[in-house]
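# Close look at the chain arrangement
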Amino acid sequence: MRNNSNIRNIVILTGAGISAESGLKTFRAEDGLWENHPVEQVATPEGFARDPDLVQRFYDERRAQVRAAKPNAAHQALGRLDREFSGDLLIVTQNIDDLHERGGASRVLHMHGESLSAWCQACDARHRWDGTLRDGPACPSCGEAAMRPDIVWFGEMPYQMDRIFDALADADLFVSIGTSGAVYPAAGFVQQASANGARTLELNLEESMGSSNFDETRLGAASELVPEWVDEVLKA
């Protein structure tokens, strides 16, 4: 796995584990709660329809947490890889924070949406959003007060799946960083990549539910493992 000289196309999947060292909590604790709320209450279309004020307040708080967080060494290493790797690269993140971008990466796809984005359900426009949505602001595009967090909730389709599957089909190397291997469709990406002939590598704090599907698993903190791996790739 350490021979990276023939790697020209890399797909990276990142999960909550890469941002945990920046102080952002993982999506769901073992008790099924997210920041002390049942996930169904704050991360489903039904929850939003039932109590939009609660959901908007919840994501206002998440937005503030993201703005206060700083990219860690793992984000910065992937930013370096993005700048210096001359081959094809796609960083697919399940995270809704912008720490990859602030760490220097630009080839990033947010499959579950972004906390610093608002989606107008009236005209389908998306806008960068740093402030509150709780007071029902008008959409800058159409003027309607129909803005919601630009987050993929349970029961909704992740973004740009066709692009992700195309990238997996062309990948020489698939790397999973800080993911549980429990949430589909992302949990199936390693099998998709393997079926298309890619080598697979997992970098995680502990073994995941999908570790047995990888050619190699390295365990440890993302802030240590990711910079080491990026050094290997760029020196090949």
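What counts, and where the lines are drawn
Residues numbered from 1 in each chain as written. Predicted model: local features only at pLDDT ≥ 70, side-chain atom pairs only at ≥ 80, totals over all residues. Heavy atoms only, no water. UniProt positions renumbered as here; feature names shortened; annotations may be inferred. Helix = DSSP H or I, 4+ residues; strand = E, 2+ residues; numbered from the N terminus. Rg over C-alpha atoms; globule rule 2.2 N^0.38 Å. Buried < 20%, exposed > 50% of the residue type's maximum accessible area, 1.4 Å probe, protein only. Contact = heavy atoms within 4.5 Å. Areas by Shrake-Rupley, 256 points an atom, 1.4 Å probe, with all protein chains shown as cover. Lys, Arg positive; Asp, Glu negative; His and termini not counted. Charge placed at Lys NZ, Arg CZ, Asp CG, Glu CD. Domains from an automatic or database assignment. Buried area = accessible area lost by both parts, 1.4 Å probe. Salt bridge = Lys/Arg side-chain N within 4 Å of Asp/Glu carboxyl O. Pairing = 2+ DSSP bridges. Axes fitted to C-alpha atoms, helices over the stretch in contact; angles between N-to-C directions. Core = buried A, V, L, I, M, F, W, Y, C linked by side-chain atoms within 4.5 Å.

Labelled according to an unreviewed UniProt entry, the protein chain appears under the name NAD-dependent protein deacylase, originating from Aurantiacibacter rhizosphaerae. As its UniProt record puts it under Sequence similarities (unreviewed entry), the protein chain is described as follows: "Belongs to the sirtuin family. Class III subfamily." According to its UniProt record, the protein chain has this under Function (unreviewed entry): "NAD-dependent lysine deacetylase and desuccinylase that specifically removes acetyl and succinyl groups on target proteins. Modulates the activities of several proteins which are inactive in their acylated form."

## What to know about the overall build of the protein chain
Looking only at helices and strands, one finds 9 helices and 11 strands in the protein chain. For 236 residues, the compact-globule formula gives about 18 Å, and the C-alpha radius of gyration of the protein chain, at 18 Å, lands near that figure. Within the protein chain, the fraction of its 236 residues that count as buried is 50%. Once local pairs closer than 6 in sequence are excluded, the contacts in the protein chain between residues at least 24 apart make up 65%. Carbon together with sulfur atoms contributes 47% to the accessible area of the protein chain, which is approximately 11000 Å² in total. A gap of 4 Å separates the mean positions of the 22 positive and 36 negative side-chain charges of the protein chain.

## Concerning the domain arrangement of the protein chain
Domains assigned within the protein chain are domain 1 (1-24 + 71-112 + 158-235) and domain 2 (25-68 + 115-151). Using C-alpha coordinates to define each centre, domain 1 is positioned 26 Å away from domain 2. Domain 1 puts 9 residues into the contact, and the matching count from domain 2 is 14 residues. In total, about 910 Å² of surface goes out of reach between domain 1 and domain 2, with carbon and sulfur atoms giving 57% of it. The largest contributions to the domain 1 side of the interface with domain 2 come from Leu24, Ile96 and Tyr159, which together make up 59% of the buried area. Inspection of the region where domain 1 meets domain 2 yields 0 salt bridges.

## Observations regarding the sheet that holds strand E11 (residues 216-219)
In spatial order, the strands read E5-E4-E1-E9-E10-E11; together these 6 strands make up an open sheet with parallel pairing. The sheet is open, and its two borders are formed by strand E5 (108-110) and E11, each paired with just one other strand. With direction set aside, neighbouring strand axes in the sheet form an average angle of 15 degrees. Pairing geometry for strand E10 (residues 199-204) and E11, over 4 bridges, is parallel. Counted as the bridge partner of asparagine 204 is leucine 219 from E11. Against the sheet, helix H7 (residues 161-170) contacts strand E1 (9-14), strand E4 (88-93), E5 and strand E9 (173-177), and its axis sits at roughly 130 degrees relative to E1.

## Let's talk about the nonpolar core
Formed by 24 residues in total, the largest nonpolar core has its most connected members in Ile10, Ile12, Leu78 and Trp229. Elements with a contribution of two residues or more to this core: E1, helix H5 (73-84), E4, E9, E10 and helix H9 (222-235). If you tally residues by element for this core, the top one is H9, at 6 residues. With residues near it in sequence (within four places) discarded, tryptophan 229 still touches Ile10, Ile12, Leu78, Leu81, Leu173, Val175, Leu201, Leu203 and Arg218. Core analysis: the second largest hydrophobic core is formed by 18 residues, Leu109, Met161, Leu168 and Phe174 among them.

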